[in-house]
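The lines below spell out each chain.
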Amino acid sequence: MAASPSVVPVVVTAAVGPVLSASSDFSNLREIKKQLLLIAGLTRERGLLHSSKWSAELAFSLPALPLAELQPPPPITEEDAQDMDAYTLAKAYFDVKEYDRAAHFLHGCNSKKAYFLYMYSRYLSGEKKKDDETVDSLGPLEKGQVKNEALRELRVELSKKHQARELDGFGLYLYGVVLRKLDLVKEAIDVFVEATHVLPLHWGAWLELCNLITDKEMLKFLSLPDTWMKEFFLAHIYTELQLIEEALQKYQNLIDVGFSKSSYIVSQIAVAYHNIRDIDKALSIFNELRKQDPYRIENMDTFSNLLYVRSMKSELSYLAHNLCEIDKYRVETCCVIGNYYSLRSQHEKAALYFQRALKLNPRYLGAWTLMGHEYMEMKNTSAAIQAYRHAIEVNKRDYRAWYGLGQTYEILKMPFYCLYYYRRAHQLRPNDSRMLVALGECYEKLNQLVEAKKCYWRAYAVGDVEKMALVKLAKLHEQLTESEQAAQCYIKYIQDIYSCGEIVEHLEESTAFRYLAQYYFKCKLWDEASTCAQKCCAFNDTREEGKALLRQILQLRNQGETPSTEMPTPFFLPASLSANNTPTRRVSPLNLSSVTP
């Protein structure tokens, strides 16, 4: 990580504390710890509890400061002193979620801290009322039917303050949140970028900005402050954008400079490995994290997804019981229990727990997606579509929701819709072979066979997870009576499944051997045909055909039929797809020419 001498001044305003400076390197970890402890206090005073927790956890991962270096509390200004009684009372009401009451007693306060809490209380009051209205109607409500009525008023007031340059870093953050909620994305991004310049130590502003960035190109055009916080932001946004190699490199750099004890970084690394389906590595890191921080609930739903994929029932059951003992009314706990019931094929119960998670937090992305999966299992396609659409409203980068919608419309036999959603999933996950195979199947149904071939080739090129791309490509060549190409694909498929060293039942193995046996037989290559026919005898569905072919070969040999000495013109796969080196490099999304809705 390159060190830079440049420093961005962070004006917290006189009402909050002294001028801070967030340097662009990690050479002075003691100074960084002081900044983290200070911002943890400032965010806590304003009710920004998640940002406060994040800063405190990060500060805890750094060595303790000696008494002489501990930061004194920020000085109190005249405005603070005048508003102290009202602020203290309102903060007590705020902490017990009596937001309207808190706002009432803060009305007319002039200090920056009291004004922020006044506006933030009004915002949260509106959000709470909106959630109360939506809590019992998870299905039929369309986006925009239930709104936070306070947003427009807040926007008008904050806009006036913004134009008069009277908003500090926290005020800018809240203004950005209001703009985002009103779907004014471009304005929100500008305000969040301004907030990171004014107060780069506030993690909440970076996180909100992260939620609005849709691709790497958009990230390049942002003018972000040159501060050490930017490294945490980049690592996080790379993970969100599925740029996992860059994300892991950033997190490794942060560990190297001194944050090796940070549970946040460890959990983010585990999530990154989960995103690239390196399940063993992700499970190992999550298990270590559980030992280090046994009462942690954040990201445990991701951990449960991994246990679910591996069908580790006892481990998932233990995790669900453990989280229930810690806090049964957390969204992550409900999702873990939902996954447990789903693994036991109790899909109604699983859906019930995902609904419970959404009653606790209607904007929790994972629960919407998982609930969509459960409705799919229950063959309730309309409810599944609704759940996936909600997930996309929360986060348009959720490839699982786009993929789920594609699967749902595939069941409904609506191939053009299905194609659109699979393409969106592929754009978000260009390295995921599952998206490409799904796209290929869709193009096949639409009889766009050239595009289908492209998809199956690319699925193999990026590392075929399910080992199905070559089989589907071979069948496509069969359909087009391109026997040599089909044979080459089946040969490559057989080589792949035998070279991976895993003892796994591959359903299409018998199909491959049957086709190759017939292909070699037609080419009069008796030895090869005989070998493949013998392999056919090992499978129930091809045993009789294998025996019949062996009898035919024996009969022809007895009649003195000579084997062919001429091999048919071989069909060579591209060099990049050699059997010994299946590439898994990152590729850009496919440029498919077909017009889709």
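If you're wondering where the values come from, they're calculated on a predicted model, not measured in any experiment.

About the cut-offs
Residues numbered from 1 in each chain as written. Predicted model: local features only at pLDDT ≥ 70, side-chain atom pairs only at ≥ 80, totals over all residues. Heavy atoms only, no water. Patch = residues over 30% accessible without salt bridge, like charges linked within 9 Å, V, L, I, M, F, W, Y side chains within 5 Å. Areas by Shrake-Rupley, 256 points an atom, 1.4 Å probe, with all protein chains shown as cover. Salt bridge = Lys/Arg side-chain N within 4 Å of Asp/Glu carboxyl O. Helix = DSSP H or I, 4+ residues; strand = E, 2+ residues; numbered from the N terminus. Polar contact = N/O pair within 3.5 Å; in protein donor to acceptor, adjacent residues only side chain to side chain. Phe/Tyr/Trp six-rings, centres within 6.5 Å; stacked < 30°, edge-to-face > 60°. UniProt positions renumbered as here; feature names shortened; annotations may be inferred. Buried < 20%, exposed > 50% of the residue type's maximum accessible area, 1.4 Å probe, protein only. 1 Å grid on protein atoms, 1.4 Å probe; cavity = no way out; pocket = protein on both sides within 12 Å on 5 of 7 lines; lining within 4 Å. Points joined across faces, edges and corners; volume = space filled by probe spheres on them. Nonpolar A, V, L, I, M, F, W, Y, C, P; charged D, E, K, R; others polar. Core = buried A, V, L, I, M, F, W, Y, C linked by side-chain atoms within 4.5 Å. Contact = heavy atoms within 4.5 Å. Axes fitted to C-alpha atoms, helices over the stretch in contact; angles between N-to-C directions. Parallel < 35°, antiparallel > 145°, perpendicular 65-115°, else oblique. Left-handed = near helix turned anticlockwise from the far one by under 90°.

A separate point is a nonpolar patch on the surface. A cluster of nonpolar side chains, contributed by L37, L67 and L70, occupies part of the molecular surface with about 320 Å² of accessible area. Residue position: L37 is located in helix α1 (residues 29–45).

Another aspect to go through is the environment of K472. Inspection of the secondary structure puts K472 in helix α25 (residues 469–479). Between the alpha carbons of K472 and A452 there is a distance of 9.4 Å; along the sequence they are 20 residues apart. Within the local environment of K472, its side chain forms a polar contact with the side chain of E441, the two groups lying 2.7 Å apart.

Before going further, it helps to spend a moment on the packing of aromatic side chains. Across all of its chains, the model carries 28 aromatic pairs by this definition. Between the aromatic rings of W54 and W203, the centroid separation amounts to 4.3 Å while the plane-to-plane angle is 5°, which identifies the pairing as stacked. In this pair, W54 is assigned in helix α2 (residues 49–60) and W203 in helix α9 (residues 203–212), connecting sequence segments 149 residues apart. Measuring from ring centre to ring centre gives 6.4 Å for F513 and F539, while their planes differ by 25°; the resulting arrangement is stacked. Taken together, the positions of F513 in helix α27 (residues 509–522) and F539 in the loop between α28 (526–536) and α29 (543–558) put the pair 26 residues apart, joining distant regions of the chain. One aromatic cluster is present, built from ring pairs that chain together W54, W203, W228, F232, F259 and Y264.

The sites that carry the UniProt feature "repeat: TPR" (unreviewed entry) are, in the present numbering, residues 331–364 and 365–398. For the annotated span residues 331–364, helix accounts for 79% and strand for 0% of the residues, and the straight-line distance between the end C-alpha atoms is 8 Å. From the first C-alpha to the last, residues 365–398 spans 8 Å; its make-up is 79% helix and 0% strand.

Another aspect to go through is the pattern of salt bridges. For the structure on display, the rule yields 30 salt bridges. As a salt-bridge pair, E441 and K472 come within 2.7 Å of each other at their nearest N and O atoms. Of the two residues, E441 sits in helix α23 (residues 433–445) while K472 sits in helix α25, which places them 31 residues apart along the sequence. For E441, a relative accessible area of 23% corresponds to the partly exposed category. Through salt bridges with shared partners, a single network forms among E127, K130, K181 and R363.

Moving on, we come to empty space enclosed by the protein. Throughout the structure, instances matching the rule amount to one cavity of 30 Å³ or more. Quantified by volume, the largest cavity comes out at close to 40 Å³. Contributing to the lining of the largest cavity are D80, D83, M84, Y87, S111, K113 and A114. Listed by contribution, the elements that provide at least two residues to the lining of the largest cavity are α3 (78–95) and α5 (112–134). Sorting elements by how many residues they give to the lining of the largest cavity places α3 first, with four residues. Residue composition of the lining of the largest cavity, by class: three nonpolar, one polar and three charged.

A few words on the nonpolar core. Among soluble globular proteins, nonpolar side chains are generally buried collectively. Residues Y123, L209, W228, F232, F233 and I237 are the most contacted members of the largest nonpolar core, which totals 186 residues. In terms of residue count, the dominant contributor to this core is α5 (nine residues).

This part takes up unusual backbone geometry. With a phi close to 55°, R165 is a non-glycine residue in the positive phi region. Topologically, R165 is positioned in the loop between α6 (151–163) and α7 (169–181). Here K379, not a glycine, exhibits a phi torsion of approximately 65°, which is positive. By secondary structure assignment, the location of K379 is in the loop between α19 (365–377) and α20 (381–394).

In this section: the side chain of H347. You can see H347 is positioned in helix α18 (residues 347–360). Judged by its relative accessible area of 13%, H347 is buried. At a separation of 2.7 Å, a polar atom in the side chain of H347 contacts the side chain of E374. Discounting chain neighbours no more than four positions away, the residues touching H347 are S342, E374, E377 and M378.

Between α23 and helix α24 (residues 449–461), whose axes approach to 8 Å, the crossing angle comes to 165°. Classed by the angle they form, the pair α23 and α24 counts as roughly antiparallel. Two packed elements cross with a definite hand, and for α23 against α24 that hand is left-handed. On α24, the residues touching S433, L436, V437, L439, G440, E441, Y443 and E444 of α23 are L449, E451, A452, C455, Y456, R458 and A459. Counted by class, the contact of α23 with α24 contains nine nonpolar, two polar and four charged residues.

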